Amino acid sequence: MKELQVSFGDIGREIRGMLHLPEGKGKYPCVVFFHGLTESKNEAMFLFRNISRELLKSGIASLRMDYRGMGDSDGESRNMTVWTQLKDAASGVEYVLRRKEIDNNKIGLYGMHSGGYLASAIAGLFPVKSIVFLDAALNYRAYWEHKVLNGRFGSKSSTKKSLDLNGLQIGNKYLQSIRSSEKRYNENFKEYKGTVLIINKNKKEAGAVYAACRYVKIPAIKIKKMVFAGENNGLSVVSQSRERIITASCRWFESKIK
Amino acid sequence: MEKLVDFKNKGEKLFGVLHYPETLKKIKVPCVVMYHGFTGSRTEAHFLFTKLARKLAKRGIAVLRFDFRGSGDSEGSFSDMTVEEELSDAKAALDFIKTQKNIATDRLGILGLSMGGFVGSYTAGQYPGIKSVVLMSAVARFWSLWRKLLVEGTGRAGGPVMVGGIKLSKNFITAIKKYDGLNLKSIVDYVNPLLVIHGAKDPVVPVEDGELYHAVSASYKKKIVIIENAGHTFESKRSEEKAIKLAASWFRETL
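Before going into details, it helps to say that this report is about the structure given with it. Every value quoted in this text rests on a predicted model; they were computed, and no experiment measured them. Along each chain, residues carry numbers from 1 onward, in the same order as the chain's sequence is written. As they are written, the chains are lettered A onward and the ligands numbered 1 onward, keeping that order. Where local features are concerned, this predicted model is filtered to residues with pLDDT of at least 70; where side-chain atom pairs are given and counted, the filter is 80 or more; whole-chain, interface and lining totals use all residues.

Points about the overall build of chain B
What counts is decided by this rule: Secondary structure elements are defined from DSSP: runs of H or I of at least 4 residues count as helices, runs of E of at least 2 residues count as strands, and each element is numbered from the N terminus. Only the C-alpha atoms count toward the radius of gyration. The rule for a globule is 2.2 Å times the residue count to the power 0.38. Three exposure classes are used, all based on how many other C-beta atoms lie within 10 Å of a residue's own C-beta (placed from the backbone): buried at 20 or more, exposed at 12 or fewer, and partly exposed between those limits. Any two residues are considered in contact once their C-beta atoms, placed from the backbone, lie within 7 Å.
Across its full length, chain B carries 8 helices and 10 strands. Against the 2.2 N^0.38 benchmark of 18 Å for 255 residues, chain B shows a C-alpha radius of gyration of 17 Å, consistent with a compact globule. Counting over 255 residues, chain B shows a buried share of 51%. In chain B, 71% of the contacts between residues at least 6 apart in sequence involve partners at least 24 apart.

Re the sheet that holds strand S5 (residues 103-113) of chain B
All names here are of chain B. Condition: The pairing criterion for strands is at least two bridges between them, as found by DSSP. Helix axes are fitted only over the stretch in contact, all axes being lines through C-alpha atoms; the angle between N-to-C directions runs from 0 to 180 degrees.
If you walk across this open sheet you meet the 8 strands as S1-S2-S4-S3-S5-S6-S9-S10, and the pairing is mixed. Edge positions in the sheet fall to strand S1 (2-9) and strand S10 (222-227), since each has one partner strand and no second. Each strand axis lies, on average, 20 degrees off the axis of its neighbour in the sheet, ignoring direction. In terms of strand pairing, strand S2 (residues 12-19) meets strand S4 (residues 62-66) through 4 bridges, oriented antiparallel. From the neighbouring strand, Val 17 faces S4, where its bridge partner is Arg 65. Where helix H1 (residues 48-58) meets the sheet, its contacts fall on S2, strand S3 (29-35) and S4, and the angle it forms with S4 comes to roughly 160 degrees.

Brief notes about unusual backbone geometry
In this structure, Asp 135 of chain A is a non-glycine residue whose phi angle is positive, near 45 degrees. Look at Ser 114 of chain B: it is not a glycine, yet its phi comes out positive at around 60 degrees. Structurally, Ser 114 of chain B is set in the loop between S5 and helix H3 (115-126).

Concerning the interface of chain B and chain A
Definition in use: Residues are grouped as follows: nonpolar covers Ala, Val, Leu, Ile, Met, Phe, Trp, Tyr, Cys and Pro; charged covers Asp, Glu, Lys and Arg; every other residue, Gly included, is treated as polar.
Residue-level contacts link 25 residues of chain B with 23 residues of chain A. Mapped by element, the contributors of at least two residues to the side of chain B that touches chain A are S1, S2 and helix H8 (237-254) of chain B. With 3 residues, the top contributor of residues to the side of chain B that touches chain A is H8 of chain B. Its residues assigned to classes, the side of chain B that touches chain A comprises 8 nonpolar, 11 polar and 6 charged.

Some points on the pairing of strand S9 (residues 194-199) of chain B
Residues and elements named next belong to chain B. Our working rule: Call a crossover right-handed when, viewed with both strands pointing away from you, the route from the first strand across the helix to the second goes clockwise.
With 6 of 6 residues buried, S9 lies mostly within the body of the structure. One ladder, built from 4 bridges, connects strand S6 (residues 130-136) with S9; its direction is parallel. Bridge assignment links Val 133 to a residue of S9, and that residue is Leu 194. Relative to S10, S9 is paired through 6 bridges, and the arrangement is parallel. In the strand pairing of S10, Ile 197 is matched with Val 225. As a crossover connection, the stretch from S9 through helix H7 (residues 207-216) into S10 is right-handed.

As for the pairing of strand S8 (residues 168-171) of chain A
Residue and element names in this part refer to chain A. In this sheet, S8 lies alongside strand S7 (residues 162-165) in antiparallel orientation, the contact comprising 4 bridges. Residue pairing in the sheet places Leu 163 in a bridge with Ile 170 of S8. Following S7, the chain reverses through 2 residues before pairing antiparallel with S8; Asn 166 in that reversal takes a positive phi of roughly 50 degrees.

What to know about the packing of helix H3 (residues 114-123) of chain A against helix H5 (residues 172-190) of chain A
Residue and element names in this part refer to chain A. Here is the rule: With respect to orientation, any angle under 35 degrees is reported as roughly parallel, any angle over 145 as roughly antiparallel, any angle of 65 to 115 as roughly perpendicular, and every other angle as oblique.
Orientation of H3 relative to H5, taken along the N-to-C sense of each, is 60 degrees, at an axis distance of 6 Å. Judged on the interaxial angle alone, H5 and H3 are oblique. Between H3 and H5, the contacting residues are Ser 120, Ala 121 and Ile 122 on the first element and Tyr 185, Asn 188 and Phe 189 on the second. Residues belonging to the contact of H3 with H5 are distributed by class as follows: 4 nonpolar, 2 polar and no charged.

Quick notes on the sheet that holds strand S1 (residues 2-8) of chain A
Residues and elements named next belong to chain A. The 8 strands lie next to each other as S1-S2-S4-S3-S5-S6-S9-S10, forming an open sheet whose pairing is mixed. With one partner strand each, in any of the chains shown, S1 and strand S10 (220-225) form the two edges of the open sheet. Averaged over neighbouring strand pairs, the angle between their axes works out to 20 degrees when direction is ignored. Bridging between strand S2 (residues 15-21) and strand S4 (residues 61-65) involves 4 bridges; their strand directions are antiparallel. Paired with Gly 17 across the bridge in S4 is Met 65. Each of strand S6 (128-134), strand S9 (195-200) and S10 is contacted by helix H6 (residues 203-215), which is oriented at about 160 degrees to S9, the strand it contacts most.

Thoughts on the nonpolar core
Put simply, the test is: When buried Ala, Val, Leu, Ile, Met, Phe, Trp, Tyr and Cys residues are joined through C-beta atoms within 7 Å, the set is termed a nonpolar core.
In terms of nonpolar packing, the biggest core is built from 149 residues, with Cys 30 of chain A together with Val 63 and Ala 247 of chain B touching the most fellow members. Sequence-distant contacts of Val 63 of chain B, defined by excluding residues within four places in its chain, comprise His 19, Cys 31, Val 32, Met 34, Ala 53, Leu 56 and Ala 57 of chain B.

A short note on H1 of chain B
Residues and elements named next belong to chain B. For H1, a buried count of 8 out of 11 residues is recorded, marking the element as mostly surrounded by other parts of the structure. If you check which residues of H1 are buried, you get Leu 48, Phe 49, Thr 50, Lys 51, Leu 52, Ala 53, Leu 56 and Ala 57. On the buried face of H1, the contacting elements are S2, S3, S4 and H8. Positive backbone phi, approximately 85 degrees, marks Gly 60, located one or two places after H1.

Quick look at H6 of chain A
For an α-helix the count is 3.6 residues per turn, leaving residues at separations of three or four pointing the same way. Residue and element names in this part refer to chain A. What counts is decided by this rule: An expected span of 1.5 Å times one less than the residue number is assigned to each helix. In this description, one arc is meant: the one made by directions from the helix axis to the C-beta atoms.
Along its 13 residues, H6 runs 18 Å from first to last C-alpha, staying within 8% of the 18 Å computed at 1.5 Å per residue. Residues of H6 that are buried: Ala 206, Val 209, Tyr 210, Ala 212 and Cys 213. Viewed end-on, H6 has its buried residues packed into an arc of 160 degrees, placing them on one side of the element. The exposed residues of H6 that point more than 90 degrees off its buried face are Lys 204, Ala 211, Arg 214 and Tyr 215. If you follow the buried residues of H6, they end up packed against S6, S9 and S10. A positive phi of about 60 degrees marks Lys 217, the residue just after H6.

Here it is as structure tokens:
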């Protein structure tokens, strides 16, 4: 087992991430992780890292990376747009395709929250076999309108030029790019021919992701509802169903890209 | 320049980022080592550590940000993490930075946030030659904080401690009890400059913890700044900018 810190992209605009490789010389299947907004390549309570380590046990490599403006990568969050995120997400996939240890016909994507939107938007551009959506916001514009902007616009620390998401500055151009990327996203997602696993904290949200996948006619969709008692107690899906999420994600990739 | 680095301690590989001032490659520069908080990582919430490290690098100060064992990208499991292990990693990080080229090993600083502040205050008194310390939202009374969390969280003290779906080991609590108060004894042995920054509305670590550090410190130059309306990680543009500016100016002045 090898865990390497990697960087790629132009000097001054570098993307930094963590590459997990199984022991040995063979070519390995690989999953590329896309984190949500305001998070980083570890995701909440190191969920992505733990899934990566579990995947290693099954001989599956993975890349976790920060988009530019987030985490360890170069750039500032206020300059980030959905377009730069899409470019970075694609760079991540291109990076693993270039690595000699990776089997280019066995690529999986993993998207959490807005990372799900990015995964769906670029999956059709690459030889991706399967995607796992975890609490994914596939209808990203609606997600922003209902969940993020609700009650936040006009808050004291928000200025006209940027939105203050608990200390993380998101530029107005990010909001504009959500709208402008929508059309391209739909076109790209239609090109995706692989399978999908949907993991969601509730039925309604899982249904919305399912509908988005049906709309683009994805052949095989499986829904894993993480339903549990006390669903609405405000705790995140990660803290409540952590082990189940890790196991379900790994078994899925074992069966789809191994 | 930001370099991805790693170093070993007690059998685990710890990963970090070393920020190096762009224009001063050939001369020795001072260096700050950052200690992140409980469940945090080397970027910290809203990337506070990344932003502060870049600011310091612009001002000619190198920075090492790293993940404690079990946190972030570093090896080890979070459920095995204890404050004792973090104290050992904290020392190893300082030892590591001393082996790096172009670092002025007699001008080392420490910045710790929350539980990293506990680790930083203890380390400042134990590790010889630390020249400047900044404690942000630092935990001073560790056991009293955890006792409160345990009672509030589970209704009883003694059951398994779950944090974000991860079970912590019994050793975690044992180590808190063992080191409780030793941070305050240790910081008394540290006499170089100390800056304490705390949010007036910190809902996690009470502002009294920051005041306690300032009160017991025997530093020849000490200062406390309580940022109005700020929470535990200074999670608004205004309070974050203020915290970053204070810490950056402090290190510029004292390192």
